[in-house]
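Architecture at a glance
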Amino acid sequence: KIITDRVILEASSKYSVNKKMEAKMGAKYKYIKPDVYSYLIENIEFEQHLDVYLSYFYQPIKELKATVNLRQMFVSNYKAPFTPSLGAEYTVFDQKNKDLTLTTSIAKSYRIPTFNDRFWGTQGKPDLKPENGFIIDAGSKYYFGDKSLNTCIKLNVFYMNIDDWIEWRLFSVWEASNVQQVISKGIELNTNTNFDIGKFSSNIILNYSLNSAQKIDSKETGELINQQLIYTPLNIGNIIYSVSRKNISVFANGLLTGKRYVEYALNNRESLPAYFLTNCGISYTKNIKNHRAKLTISGNNLFNVDYQNEQFYAMPGRNYQISIQITLHHI
């Protein structure tokens, strides 16, 4: 039995001085009561969260937008810190067929352990500490082209410094534990290109992420540091291509997952090899009065790649799927 009851109350208010200045404040309350077979009821009966925030938007000039967020969380049995954030967006140029925007932000980070982290059988740890740190990122978005051929390129760099990072590791069984300090840094690239081929509309999306995530300090004496976190690939990416005409769309996508280590070791760390999955499919959409029906037939892992997301846990080979999605619009 796995049941979770939630009561959520939320309220917010927004005040605009003018188009260049706006303030928003609000609060969100959650009452959470889990009833899960593997939780010891004496450990957790219910939990309450209260999130209070104030956000201020300011546009001093046409090209520059800035946002300040002030947030305070209150959680049962935890003393949450004040978590402010600051973001800015600057438009370098905005022309008819091209524009360039730069963004940056810095934020205080805080995350409490999940119920599974704390209470799942004997593997969770009720005394886990919350993750606490800060995140800095900067990015750019460049758009160019016209109606028949256009591309949007987004590039983002990030740096995270987190204390008490929560990690599940396999000892004799999987167990949750805190890592003293983890630094995660890298880049994210996204491109989206639309173009026409005769009467057909095509779209190509490319995503790539390089994420160096390493523990640089540990609570355990003798624990190896400065190594990539287990089950965290350094490289991950995917490419999606679709072509459509009227109600029919054909698509294909590929997913790359890089090598993942399964242990911390001084030499010859054991790892799961990188893999690339290929999927494709066709969909047909039919409008019926005010409603819409969509039929999709897809083939997954077309080349029957043998891969693992978790060591010794088999993943599906070549498989097929048929789905029907119906959207009802009531007037």
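Because the structure is a prediction, the values reported are computed rather than measured. (Residues numbered from 1 in each chain as written. Predicted model: local features only at pLDDT ≥ 70, side-chain atom pairs only at ≥ 80, totals over all residues. Heavy atoms only, no water.)

1. Topic: the overall build of the protein
What counts is decided by this rule: In DSSP terms, a helix is any run of H or I states spanning at least four residues, a strand is any run of E spanning at least two, and both are numbered starting from the N terminus. Each accessible area value is a Shrake-Rupley result obtained with a 1.4 Å probe; residue values ignore everything except the protein chains displayed when judging cover.
Looking only at helices and strands, the protein has 1 helix and 18 strands in total. For the protein, the C-alpha atoms occupy an extent of roughly 65 × 60 × 45 Å along the three principal directions. When the accessible area of the protein is evaluated, it comes to approximately 21,000 Å², of which 57% is carbon and sulfur surface.

2. Description of the packing of aromatic side chains
We count it as follows: Centre distance within 6.5 Å is the pairing criterion for rings of Phe, Tyr and Trp, where only the six-membered ring of Trp is used; planes under 30 degrees apart are then read as stacked, over 60 as edge-to-face, and the remainder as tilted. Type-normalised accessible area, obtained with a 1.4 Å probe on protein chains alone, sets the label of each residue: buried when under 20%, exposed when over 50%, and partly exposed for intermediate values. Lysine NZ or arginine CZ positioned within 6 Å of the ring centre and within 35 degrees of the ring normal marks a charge as sitting over the ring.
Inspection of the entire model under this criterion finds 12 aromatic pairs. Between the aromatic rings of Tyr 31 and Phe 46, the centroid separation amounts to 5.3 Å while the plane-to-plane angle is 25 degrees, which identifies the pairing as stacked. A residue pair is termed long-range when its members are at least 10 positions apart, and Tyr 31 in strand 2 (residues 21-36) and Phe 46 in the loop between strand 2 and strand 3 (47-61) qualify at 15 residues. Judged by its relative accessible area of 34%, Phe 46 is partly exposed. Seen from their ring centres, Phe 115 and Phe 119 are 6.2 Å apart, and the 40 degrees between their planes marks the pair as tilted. Of this pair, Phe 115 and Phe 119 are both found in helix 1 (residues 115-119), 4 residues apart, which corresponds to roughly one turn of the helix. According to the relative accessible area criterion, Phe 115 is buried, its value standing at 13%. An aromatic cluster is built from Tyr 37, Tyr 39, Phe 115, Phe 119 and Trp 120, whose rings are joined through pairwise contacts. The ring of Tyr 264 is capped by Lys 215, whose NZ or CZ atom sits 4.0 Å from the centre of that ring. The lysine or arginine in question, Arg 269, covers the ring of Tyr 261, its NZ or CZ lying 3.9 Å from the ring centre.

3. A look at the nonpolar core
The condition that has to hold: Here, nonpolar core refers to any group of buried Ala, Val, Leu, Ile, Met, Phe, Trp, Tyr and Cys residues whose side-chain atoms link them within 4.5 Å. The criterion used for residue contact is that any of the two residues' heavy atoms lie within 4.5 Å.
Core analysis: the largest hydrophobic core is formed by 8 residues, namely Ile 162, Trp 165, Val 179, Val 182, Ala 213, Leu 229, Ile 230 and Tyr 264. Going through the elements one at a time, strand 8 (149-170) and strand 9 (174-197) are the ones with two or more residues in this core. If near-sequence neighbours (up to four positions away) are discounted, Val 182 is found in contact with Met 160, Asn 161, Ile 162, Trp 165, Gln 214, Lys 215 and Leu 229. Counting 6 residues, the second largest nonpolar core, distinct from the first, contains Ile 32, Val 36, Tyr 39 and Phe 119.

4. A short note on the environment of Asn 301
Tracing the backbone shows Asn 301 in the loop between strand 17 (291-300) and strand 18 (319-327). Classification of Asn 301 by relative accessible area gives buried; the value is 3%. Those residues within four positions of Asn 301 in sequence are excluded, and the remaining contacts are Leu 277, Thr 278, Asn 279, Tyr 307, Pro 316, Gly 317 and Arg 318.

5. Points about the confidence of the model for the protein
Cut-off, in case you're wondering: For every residue, the predictor assigns a confidence score, pLDDT, that lies between 0 and 100.
Of all residues in the protein, 98% attain a pLDDT of 70 or more, and the chain-wide mean is 93. The least confident element of the protein is helix 1, whose mean pLDDT is 90; the most confident is strand 13 (residues 248-257), at 97.

6. Side note on the pattern of salt bridges
Rules: In what follows, salt bridge is the name for a side-chain nitrogen of Lys or Arg lying within 4 Å of a carboxyl oxygen of Asp or Glu.
Taken as a whole and judged by the stated rule, the model has 6 salt bridges. When the shortest N-O distance is used, the salt bridge between Asp 35 and Lys 1 registers 3.1 Å. Remark: Lys 1 occurs in the segment before strand 1 (2-18) and Asp 35 occurs in strand 2; sequence separation between them is 34 residues. We classify Asp 35 as partly exposed; its relative accessible area is 35%. Residue class for Lys 1 comes out exposed when judged on its relative accessible area of 59%.

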